[in-house]
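Descriptive structure summary
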Amino acid sequence: MKVPVSWLREYVAVEMPLTELVERLSVASAEVEGIERRGVPDVDGNLGFFRVGRVLEAGKHPNADRLQLCQVDVGEGEPRQIVCGAWNFGPGATVAVALPGAVLANGVKLEAAELRGQLSNGMILAEDEVELGTDHTGIMVLPDEWEPGTPLTDALPLAEDILLVESTGNRPDLMAIYGIAREVAALYDLELSPPPGRDPGVAGDEPVDVRVEDFEGCPRYIGRLFRDVRVGPSPAWLRTRLSDAGMRPISNVVDVTNYVMLALGNPLHAFDLATLKEGRIVVRRAHKGEQLRTLDGELRELEPTDLMIADAARSVALAGIMGGEETEITESTTDVLLEAANFEPYTIFRTSERLRLRTEGSNRWEKGVDPHLAPQAAALATQLIVELAGARWTGKVDVHGDLPARPVVRFRPERADDLVGLETPAEEQHARLRRLGFEVDDGSVSVPTWRARDVTREVDVVEEVARFRLGDVPFTFPLRRAMFGRLTRDQRLRRRVEDILTGLGFSEVYTPSLVEEDPDPGALRLREPITVELAVLRTALLPSLVEAARRNLELGNERIELFEVARVYEPSGGPLPVERLHLAAIMEHGYARAKGVADALAGALKAELRFTAAPHPLLHPARAARTGAGIVGELHPTRLDGEWGVLELDLGLLFEGVREPVVYEDVIGYPVVRQELAFVVDVDVPAGELFAAALAAAAPELREVRFLSDYREPPIPAGKKSIAFSVAFQSPERTLTDEDAAALRVRVIEALERDFGAELRG
Amino acid sequence: MSKNREPATVAAVDAAALEQEALAAVAAASTPAELTALRTRYLGRKSELKQALRNVRDRETGMTLNAVRERLEDAFARREADLDRSELDRALSSDGFDVTLPGEELPVGQLHPTTQVRRIVEDTFLGLGYEIRDDREVETVEYNFDKLAFPPTHSSRSPRDTFFLADDVVLRTETSPSQIHHLEAREPPVYMVSIGRVYRRDAITPTRFPIFHQFEGLAVDRGITLADLKGTLLHVMRALFGDDRRVRFRTHYFPFTEPSIEPDVSCGVCGGTGCRTCKFTGWIELGGAGMVDPRVFENVGVDPEEWSGFAFGCGPERAAQLRFGISEIRPLWSTDLRVLRQF
Ligand SMILES: [Zn+2]
C-alpha cells in the first residue's frame with residue numbers, strides 16, 4: 001500500500017532519514033519497494049517560494065479577453081501583479097501563489113514575465129501545478145482563515161513522500177497506516193499515538209435494525225445512523241490524503257470510509273438509508289438465483305455460498321467486496337447507515353474468486369481483519385462524518401457473537417535462540433514482544449488481537465523476535481552426521497549426454513513445456529491457459545525443436561544443431577500424467593548424421609541401441625528408425641526445407657541399457673586377425689541384422705564388425721545387394737591360429753546363410 | 001733458438017690456436033660450399049692438422065691432436081646440419097603462409113545458461129553433502145498446497161494465479177512439493193536440492209514468463225538453525241556470483257516456513273552502493289527461504305520438537321540473468337543460435 005509519510009507522522013515521530021527507515025522496515029516488517037515523491041521539489045528552499053495570497057483586485061487583462069489581471073497581497077506590503085487564466089475567483093479570494101524562482105511539480109522554474117504587455121510577477125496555482133489533483137479548470141481557492149504571506153506548506157501539502165509498502169499475506173495489520181506506525185514505533189522504540197478516532201456524543205437513540213443471520217460469515221456488525229448528512233466534496237486535506245494513498249476521492253461520506261480503511265485497516269461501507277427497505281440490514285447468504293447489480297454496474301449472479309448484506313427485501317451489497325448500485329451514497333443522500341463490520345476470510349475469498357472481483361476491501365478481509373478493530377473504525381468514521389458532512393449521529397448498534405479471545409501461546413526464549421542460532425537475552429525478547437502489543441507472562445505470551453490469526457504457535461512468536469535481529473544472525477553450517485553428496489546414476493548419465501552433444505557441436509535450447517497443439521490428442525490441456533500458444537502439456541519435444549530449427553533457418557543462422565533435455569507428460573488415464581525425461585535433437589545433414597549421433601551416444605554411454613525401420617508421422621517414410629529408447633530419422637520433407645536429422649530418446653530407457661561398470665577386456669595380450677567379408681542378400685535385409693547375427697555367431701572372439709560398403713550395381717543381380725564388412729577376431733587367452741580364424745569365419749558364413757540366405761562373394 | 005724448440009710443444013700450442021681459428025671459421029660459414037672449402041683447409045689431407053698428426057712422435061701429442069680433430073669433425077657436422085636445416089626452412093617458408101587465418105572449423109556447442117547455473121548449484125550442494133532430486137511437475141493440490149500448509153485463502157490457490165488441469169491437479173507453482181515427497185520417502189536427517197520447471201499464471205512480459213525454473217533446498221536435522229540457512233545461502237551465492245558477495249535476510253511470509261525470510265545478495269553491478277539493476281537498494285532479491293514450518297513436519301510425520309530444518313527456493317533464470325548480464329527473460333527462452341552461442 002501507499003503510505004504518505006505525513007500521515008504516518010500523525011501516529012509516530014518519523015524523524016530518521018527515510019532511506020534508513022525504508023531499509024529497516026524492509027528487513028524487519030514489510031518490503032518497501034520505493035519512495036514516491038509527489039508535489040513540488042522539496043530542495044534548495046523551494047517551498048519558501050510558495051505563499052498564501054489574497055486577491056485585492058481582479059479584472060480583465062487590457063489586451064486579452066481570456067486573462068485576468070490581479071493584484072495579490074502575498075504579505076510583502078506591496079501587492080504583486082499577477083496575470084491569471086482562471087475565472088473561478090474574484091477580489092477577496094484566498095489563493096495559493098508561487099513566486100518567481102519557484103520550481104513547480106513538473107520541474108519548470110517560474111520566472112517573472114510579461115504576458116500580453118503586462119508584468120506577471122508570480123502565479124496563482126491550480127491543483128495540478130503542485131500535483132494535489134489533476135484539475136486545471138480553475139485555481140485553488142483556500143479557506144479565508146489563512147493570512148496572506150503564510151507559507152503555503154502550512155495550508156497545503158505541497159510535497160509528500162510516499163512509501164510503497166508491500167506487506168505479506170499474513171500481515172493484514174500492515175495494510176493500514178496505523179499498523180505501519182506500530183511497526184515503526186517498535187523498530188525505533190518510539191512512542192505510538194493512540195489509534196485515531198473518538199466517538200463524538202450520540203445525538204439520539206434511534207434504533208438501528210441490524211440482523212445477522214450468519215455469525216460464521218459475519219462475526220460482527222456495527223451499524224450507525226446519520227441524519228441531515230450533506231454529501232459533497234471532501235476538504236482538500238482528505239482528498240490529498242486519499243490520492244496520495246492511491247485512491248480516487250469521490251464524496252465526503254465515501255471518502256471517509258476509504259480514509260478509515262487506509263488509516264486502520266477495517267473496510268467500511270455506507271448505505272443511503274432511504275434506499276434500504278424498512279431501513280433494515282440483514283446479513284445472510286444469497287438465495288438461489290438471486291442477482292445484484294454492483295457499484296461497477298455489473299449484474300452479478302449470486303450463489304448460496306455468497307455472504308450478502310440485504311435489507312428487508314433483497315440483497316444490497318456483496319458483503320466485504322462491493323456495494324450495490326441501488327443503495328450507494330449519492331449527492332441527494334441525506335440519511336446514512338454506516339457499516340463497520342467484520343467478515344470471515346474464506347467466505348469473502350471464495351466469492352471474490354468466483355466473481356473474479358478483487359477490491360481494496362476483499363483484499364483485506366481475505367487476509368483476516370481483527371474483529372476487535374470495528375469499534376475503533378466506527379468511531380473514526382463517525383467523528384469525520386459529523387465533522388465533514390455536518391451530520392447528526394442518531395443511532396448505533398453492535399451485533400456480534402462470541403468474539404475470539406487473545407491467543408495465549410507457550411513461549412520459551414531459549415527455543416528462539418535454538419532455532420535462530422543467535423542468543424538474545426530473554427528480557428530483550430520480552431521487551432520487543434511488548435512493544436508489538438504482546439503481553440508477556442511466565443512461559444507464555446498473549447497475542448494482540450490484530451495478530452491473532454498469524455501468531456498461534458511458539459514458532460510464530462520466535463519469528464516476531466527473530467525478524468528484528470536478522471542482520472545479527474551469524475553465518476554457520478549445519479553440524480553433519482549424514483552425507484548424501486553424489487549424483488544418482490541417471491543424473492550422472494544425463495550430464496554425460498549433455499556433454500557429448502555439446503562436444504559434437506550441438507547447442508542446448510530450452511523450449512516451453514506448454515505448446516499450442518500436441519501430436520497426441522489425449523495430451524493434457526490447461527483449463528485456463530493465458531495464451532493459445534501455451535495450452536497443452538507436450539508429449540514430445542521434437543515438434544518444439546523443429547520450430548526452433550525453422551526459426552534459425554529463417555534468421556539465416558548456419559550449422560544448425562540443437563538439442564533439449566526436458567520432461568514430457570504422457571496421459572496415463574489417471575489424474576497425473578506419466579512424466580518422462582526425454583532428449584531430442586535436430587541437425588543438418590539428414591539421416592546419416594542423426595544415426596551417427598545416436599551411435600556416438602550409445603558408444604560413449606556403452607549402451608546398446610538396436611535400430612529397426614519404423615514409420616513415424618514426423619519422419620521421412622523410408623528414413624525412420626525406432627530403437628528401444630525412441631526414434632531416429634530424417635524429418636519428413638514437408639516439415640522443413642532441407643534434409644534434417646532428428647532423434648528423440650527417452651533417457652530413462654536409454655540409461656537402462658547402459659552397461660555399468662565397464663569390464664576390461666584384454667586387447668593387447670594377443671594379436672588381432674582381420675578379415676574382410678562380403679555377402680549378397682536381398683535388398684530388404686537390414687545390414688544391422690547381418691552384423692548382429694555375425695557377432696552372435698562368432699562370439700566372443702569376434703570383437704568388432706565394421707561396415708565397408710553396400711553395393712547394388714552389376715554384377716549384383718537386381719533385388720540383391722552386396723554388403724561388405726570387416727571383422728576382427730581376437731582372444732584374450734591365446735593367439736588365434738589360422739585354423740581358429742578360419743573356423744570363426746565359417747561360423748559367420750553359416751549363420752548368415754542360414755538366417756538370411758546370404759551368399760558369400762568370392 | 002727455433003732449432004731448440006720441442007716439436008711436441010710446438011704442435012700443442014699450434015693445435016689450440018688452430019682449433020680456435022677453425023671453430024670460428026666454421027661458425028662463420030654461411031653456405032655448404034664455404035663449409036666444404038673450410039673442411040679441406042682444416043681437415044683435408046694437406047691440412048696443417050693432418051700434417052702434424054703424421055709427424056707425431058709421442059703419445060701425448062697424438063692424443064691431443066686427435067682430440068682436436070674429433071672436435072673439429074663434430075663442429076663441421078653440426079654446422080652442416082644447421083645449414084641444411086636453414087636451407088630446408090627457407091624452402092618451406094617460401095609460400096607466404098598466413099598463420100592468422102582461421103583454423104579448421106570444429107563444431108563446439110554449449111550448454112544453455114540455465115543448465116550452466118544448474119550445474120554450479122548442483123555441484124555446490126554436492127560439495128555440501130546434499131543429494132539432488134528431480135520431481136514431477138504436474139502435482140496434486142494436496143502436494144502443491146495442502147501438505148505445504150497453504151491457508152485456504154492463499155492467492156496461489158486461485159486459478160487466476162495457478163494453472164489447473166483438474167479441480168485437484170495443478171502445474172506445480174514451486175519446487176516445494178519436493179520437500180513433502182522427500183520427507184515422505186526418507187527419515188531425517190535429510191539434505192537435498194530439487195531443481196526443475198515451475199509454472200505461474202503470469203502474463204508474458206519482457207521480464208516474466210509463465211514457465212521458469214527453481215532450485216529448492218531442504219535440510220532437516222537435529223539443531224538446524226536460521227544461522228545455518230544464512231551460512232549455506234552465502235556459500236551458494238558466492239559459488240554463483242563470486243567471493244565478494246554478501247547476503248542479507250529480510251522478513252517475509254511463506255506458508256511452509258516459519259520464520260520466513262527472503263535472502264538478498266549484494267548487487268554485483270554497483271557493489272552495493274545502488275544502481276539501476278538493484279533499484280538503488282544495493283541488494284538483489286533471489287528467492288524465498290525459512291525454517292520448515294512445524295505444520296509441514298506434522299504433515300509428514302516428523303516430530304518438530306526433535307527435528308528442525310531450513311528450506312529455500314531460488315530461480316536459476318534470475319541467477320543466469322545476473323551472471324550473464326541479461327536484463328530480460330526472453331533470451332533465456334530463445335532458440336536463436338546467435339543468442340545461444342554467446343554462452
Ligand atoms: Zn546495484
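Residues numbered from 1 in each chain as written. Chains lettered and ligands numbered in written order. Predicted model: local features only at pLDDT ≥ 70, side-chain atom pairs only at ≥ 80, totals over all residues. Heavy atoms only, no water.

1. Concerning the packing of aromatic side chains
The geometry of two aromatic rings is summed up by the distance between their centres and the angle between their planes. For the structure on display, the rule yields 19 aromatic pairs over all chains. With 6.2 Å between their ring centres and 25° between their planes, F254 of chain B and F256 of chain B make a pair best called stacked. Here the two residues F254 of chain B and F256 of chain B agree in accessibility, since each one is buried. Pairing F324 of chain B with F343 of chain B gives two aromatic rings, centres 5.0 Å apart and planes at 75°, and the pair type is edge-to-face. Pair noted here: F324 of chain B is in helix α10 (residues 316-324) and F343 of chain B is in the segment after α11 (337-340), with a separation of 19 residues, a long-range link. Residue classification places F324 of chain B among the partly exposed residues on the basis of a relative accessible area of 28%. Through pairs of rings, three or more aromatic residues link up here, namely F484 of chain A together with F125, Y130, Y191, F310 and F312 of chain B. The residue whose ring lies beneath R182 of chain A is W450 of chain A, and the NZ or CZ to ring-centre distance is 3.8 Å. A cation sits over an aromatic face here: K230 of chain B above F475 of chain A, 5.0 Å from the ring centre. (Phe/Tyr/Trp six-rings, centres within 6.5 Å; stacked < 30°, edge-to-face > 60°. Buried < 20%, exposed > 50% of the residue type's maximum accessible area, 1.4 Å probe, protein only. Helix = DSSP H or I, 4+ residues; strand = E, 2+ residues; numbered from the N terminus. Lys NZ or Arg CZ within 6 Å of the ring centre and 35° of its normal.)

2. Regarding the coordination of the zinc ion
Residues and elements named next belong to chain B. The coordination sphere of the zinc ion, as far as protein atoms go, consists of C267 (SG), C270 (SG), C275 (SG) and C278 (SG), spread over 2.2 to 2.3 Å. Counting the intervening residues between successive donors of the zinc ion yields the motif C-x2-C-x4-C-x2-C. No difference in accessibility class separates C267 from C270, as the two residues are buried. (Donors = N, O, S within 2.8 Å, 3.2 Å for Na, K, Ca; no water.)

3. Side note on helix α7 (residues 345-354) of chain A
Residues and elements named next belong to chain A. Buried residues dominate α7, accounting for 7 of its 10 residues. For α7, every residue scored as buried is listed here: P345, T347, I348, F349, T351, S352 and E353. One side-chain oxygen of the residue at the start of α7 lies 3.0 Å from the amide nitrogen of Y346, identifying that residue as E344. Within two residues after α7, R356 carries a phi angle of roughly 50°, on the positive side. (Polar contact = N/O pair within 3.5 Å; in protein donor to acceptor, adjacent residues only side chain to side chain.)

4. So, the layout of surface pockets
Its volume calculated, the second largest pocket comes out at about 2200 Å³. Around the second largest pocket, the lining is made up of 42 residues, and of these K595, D599, L609, G688 and F691 of chain A lie nearest the centre. (1 Å grid on protein atoms, 1.4 Å probe; cavity = no way out; pocket = protein on both sides within 12 Å on 5 of 7 lines; lining within 4 Å. Points joined across faces, edges and corners; volume = space filled by probe spheres on them.)

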